[in-house]
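Descriptive structure summary
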Amino acid sequence: MSENIAKSLDYDVLVVGGGMVGASFALALAESGLRIAVVDSQDLSKFAGQERAKESFDPRVSAITPSSQAFLESLAVWQGVRNRRCAPYSDMHVWDADGTGSIHFNAQEIHAAALGHIVENSVILAALYERIAETANIDLLAPVALHALEAGSHKERVNITLEDGRSISAALLVAADGANSKVRELAGFQTKEWDYEHQAIVCTVKTQLPHGATAIQRFMDEGTLAFLPLQQNSELVDTQQHCSIVWSVLPDYAQRLMAMDDSAFAIQLQAAIENKLGKIERLDTRYSFPLRQRHAVDYVQPGIALIGDAAHTIHPLAGQGVNLGFLDAQALAEEVQRTHSKHLPIGDLRFLRRYQRRRIGHNLGMMWVMEGFKRLFADQPLPLRWLRNAGMSGIDRSAIIKHQLMRSAMGME
Ligand SMILES: Cc1cc2nc3c(=O)[nH]c(=O)nc-3n(C[C@H](O)[C@H](O)[C@H](O)COP(=O)(O)OP(=O)(O)OC[C@H]3O[C@@H](n4cnc5c(N)ncnc54)[C@H](O)[C@@H]3O)c2cc1C
């Protein structure tokens, strides 16, 4: 990472948004030798300095698929994740609240070591920024937000202004600035969006019974509730009693749940998960997020590409959001390297479209699957409920369909 960033405000590639997707993209492209800057409105040094995971768990976690793990391994980042903290899970149990439908996934059935890992977002960021600190051709400009943007088909370079008044020009601007992307808005990208009419409540809990490296998820008429297994630091005895919960419910109910004191919330939570892990012994602070599905009609314009949540935001029920973002980062980095190695202009729309073609169908497909799931589990007439319960149990009994589902959720196909 270069120290002298103030004088040099021309870059080959400018990444706005240094979250998990933007930072991984910058690292994936670093080998090309292109000069890269990452701009972020939050102070990124807090991640770079985090050599160990904090004692308490970060409330934001991600279920990382084996395919994302392989990507992070290729960036020499996964070891940094392991050194800090992550929880492999070998099993997943999904069931329907009002029926008999249930599915059990087990990694051994498809000869895999784990279905994935639950990793705190701050741990992934710390490991990414540890590597970025060792990378000479990536500059960090943070904390400072994007203010204005000037681009267009007649321009060879994209120019941006930061809120501190500095201006930067680059051959390619990559928007990785999340669900409410300012780049997307300023550049006039069209989006299709709809409200899920759900809020997600997240928090860390300590349960009476061990989770047994199993992720559990219950589908209810009013939403879904997942308990994702966490693992203590290696120096502490891990009793497998910590989980991160993601509870997505209608806004009214979310408001009531957020207003409850810890003991009342714990009782509701315990009942909602059908006491599967015994008593909820402790709760950390609760956070809630509105859920909105959004998809950009195009991911690219001359000199600009959208990746991660800036291009698509998806319901967290299948834990795919950042995994899709990593696939975007990988595909765009490969396409930019390919264009650069042929000495062609990296911001040229013809080459950027290759990235869009590689990613848009897959992302849309996953979003429709999630939308279908959400609708199937929303309040439905009785025959549909029977059908979906029979469907779930049918899948559970059919090894072929089940294994196919597992491989695709793990990013293996
Ligand atoms: C409750 C919940 C649970 C989830 N669980 C999972 C899961 O289990 N698995 C999974 O794969 N995904 C999950 N997701 C989705 C996942 O969190 C997102 O897909 C992922 O964080 C997107 O990463 P990103 O880097 O694209 O965007 P972000 O993480 O949003 O990062 C954007 C970055 O851009 C910066 N930024 C924003 N605006 C500006 C600006 N104007 N100027 C400069 N910088 C700016 C921000 O500071 C931030 O660092 C979940 C989401 C939610 C809400």
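Figured I'd write up the structure that's included with this text. Residue positions are counted from 1 within each chain, in the order its sequence is given. Under the rules for a predicted model, residues below a pLDDT of 70 receive no local features and side-chain atom pairs below 80 are neither given nor counted, while totals for whole chains, interfaces and linings still include all residues. To get the side-chain values, take all heavy atoms of the structure and skip hydrogens and water.

**Digging into the overall build of the chain**
The condition is simple: Secondary structure follows DSSP: runs of H or I at least 4 residues long count as helices, runs of E at least 2 residues long count as strands, and numbering of each begins at the N terminus. Exposure is judged per residue with a 1.4 Å probe applied to protein chains only, and the accessible area is read against the type maximum: over 50% gives exposed, under 20% gives buried, and values in between give partly exposed. Residue contacts are counted whenever heavy atoms from the two residues lie within 4.5 Å of one another. In these tables, accessible area is a Shrake-Rupley quantity obtained with a 1.4 Å probe, and a residue counts as shielded only by the protein chains included in the view.
From N to C terminus, the chain includes 12 helices and 20 strands. The buried share among the 413 residues of the chain stands at 53%. Long-range pairs, those at least 24 residues apart, make up 75% of the contacts in the chain with a sequence separation of at least 6. Per element, the accessible surface of the chain, about 18,000 Å² overall, is 52% carbon and sulfur.

**Let's talk about the packing of helix α1 (residues 20–30) against helix α5 (residues 121–132)**
What counts here: The axes used here are C-alpha line fits, helices contributing only the stretch in contact, and every angle between their N-to-C directions lies in the interval 0 to 180 degrees. Just so you know how the angles are binned, under 35 degrees is roughly parallel, over 145 roughly antiparallel, 65 to 115 roughly perpendicular, and the rest oblique. With the far helix as reference, a near helix turned anticlockwise by less than a right angle produces a left-handed crossing, and one turned clockwise produces a right-handed crossing. When residue character is reported, Ala, Val, Leu, Ile, Met, Phe, Trp, Tyr, Cys and Pro are called nonpolar, Asp, Glu, Lys and Arg charged, and the others, Gly included, polar.
Taken N-terminus to C-terminus, the directions of α1 and α5 make an angle of 25°; their axes are 10 Å apart at the nearest point. Classified by the angle their axes make, α1 and α5 are roughly parallel. When you trace α1 past α5, the crossing you get is left-handed. Contact with α1, carried on its side by M20, A23, S24 and L27, involves N121, I124, L125, L128, Y129, R131 and I132 of α5 and no other residues of that element. Residues that form the contact of α1 with α5 fall into these classes: 8 nonpolar, 2 polar and 1 charged.

**A word on unusual backbone geometry**
A cis geometry characterises the amide bond from A142 onward to P143, with omega recorded as 0°. As for its placement among the helices and strands, P143 is situated in the loop between β8 (138–141) and β9 (146–150). One non-glycine residue with positive phi stands out, namely Q240, at about 55°. Mapped onto the secondary structure, Q240 falls in the loop between β14 (223–229) and β15 (242–249). According to the relative accessible area criterion, Q240 is partly exposed, its value standing at 27%. The residue E274 is not glycine, and still its phi comes out positive at about 55°. Mapped onto the elements of the fold, E274 is located in the loop between α8 (262–272) and β16 (280–283).

**A closer look at the pattern of salt bridges**
Keep this limit in mind: Between Lys or Arg on one side and Asp or Glu on the other, a salt bridge is scored when a side-chain nitrogen of the former is within 4 Å of a carboxyl oxygen of the latter.
Inspection of the entire model under this criterion finds 14 salt bridges. One salt bridge connects D328 with R359, and the closest N-O pair in it is separated by 2.8 Å. In this pair, D328 is assigned in helix α9 (residues 321–341) and R359 in helix α10 (residues 349–377), connecting sequence segments 31 residues apart. By relative accessible area, which is 0% here, D328 ends up buried.

**So, the sheet that holds strand β4 (residues 87–89)**
Let me state the cut-off plainly: By definition, two strands form a pair when at least two bridges between them are found by DSSP.
An order of β3-β7-β4 is seen for the 3 strands of this open sheet, with the pairing classed as antiparallel. Pairing within the sheet leaves two strands with one partner each, and these edge strands are β3 (61–64) and β4. Across this sheet, the average inter-strand angle for adjacent strands is 25°, counted without regard to direction. With 4 bridges connecting them, β3 and strand β7 (residues 116–120) associate as antiparallel partners.

**Considering the packing of α1 against α9**
It is at 9 Å that the axes of α1 and α9 come closest, and there the two elements cross at 30°. The angle between α1 and α9 falls in the class roughly parallel. α1 and α9 meet at a crossing whose hand is right-handed. Counting all contacts with α1, which are made through M20, V21, S24, F25, A28 and L29, the residues of α9 involved are V322, G325, F326, A329, L332, A333, V336 and Q337.

**As for the site of the ligand**
For clarity, the cut-off: Nearness is judged by heavy atoms alone; a residue qualifies as near a molecule or strand once a single heavy atom is within 4 Å of it. Two N or O atoms count as a polar contact when they lie within 3.5 Å, although within protein this holds only if one can serve as hydrogen donor and the other as acceptor, and sequence-adjacent residues are included solely when both atoms are side-chain atoms.
In the vicinity of the ligand, 29 residues are found, and the nearest of them are D40, R60, A63, D309 and V322. Contact distances for the ligand include 3.4 Å between an oxygen atom and a backbone N or O atom of M20. Within the backbone of G319, a nitrogen or oxygen atom sits 3.1 Å from a nitrogen atom of the ligand. Across the complex, the protein chains shield 85% of the 1,000 Å² of accessible surface that the ligand would expose by itself. At the level of elements, α1, β3, β12 (191–207) and α9 are the ones that each hand at least two residues to the shell around the ligand. Of the residues contributing to the shell around the ligand, the split by class is 13 nonpolar, 11 polar and 5 charged.

**What about α8?**
Here is the rule: What the arc covers is the set of directions going from the helix axis to the C-beta atoms.
Residues of α8 that are buried include every one of F265, A266, L269, Q270 and A272, and no others. Taken around the axis of α8, the buried residues stretch over an arc of 160°, which confines them to a single face. Those residues of α8 hidden inside the fold are in contact with β12, β13 (214–220), β14, β15, α7 (251–259) and β16. Where α8 terminates, the next one or two residues include E274, which has phi positive at roughly 55°.

**Looking at the nonpolar core**
How we decide: Residues belong to one nonpolar core when they are buried, are Ala, Val, Leu, Ile, Met, Phe, Trp, Tyr or Cys, and are joined through side-chain atoms within 4.5 Å.
In this structure, V13 and F25 are the most contacted members of the largest nonpolar core, which totals 76 residues. At 9 residues, α1 tops the list of elements feeding residues into this core. Among residues more than four places away in sequence, those in contact with F25 are V13, V15, V174, I307, A329, L332 and A333. A87, L115, A215 and L317 belong to the second largest nonpolar core, which has 30 residues in total.

**Quick notes on α5**
Under the convention used in this document: One fewer than the residue count of a helix, multiplied by 1.5 Å, yields its expected span.
Over its 12 residues, α5 runs 16 Å from end to end, which matches the ideal 16 Å to within 8%, given 1.5 Å per residue. Counting buried positions along α5 yields 10 of 12 residues, so the element is predominantly enclosed. Turning to α5, its buried residues are N121, S122, V123, I124, L125, A126, A127, L128, Y129 and I132.

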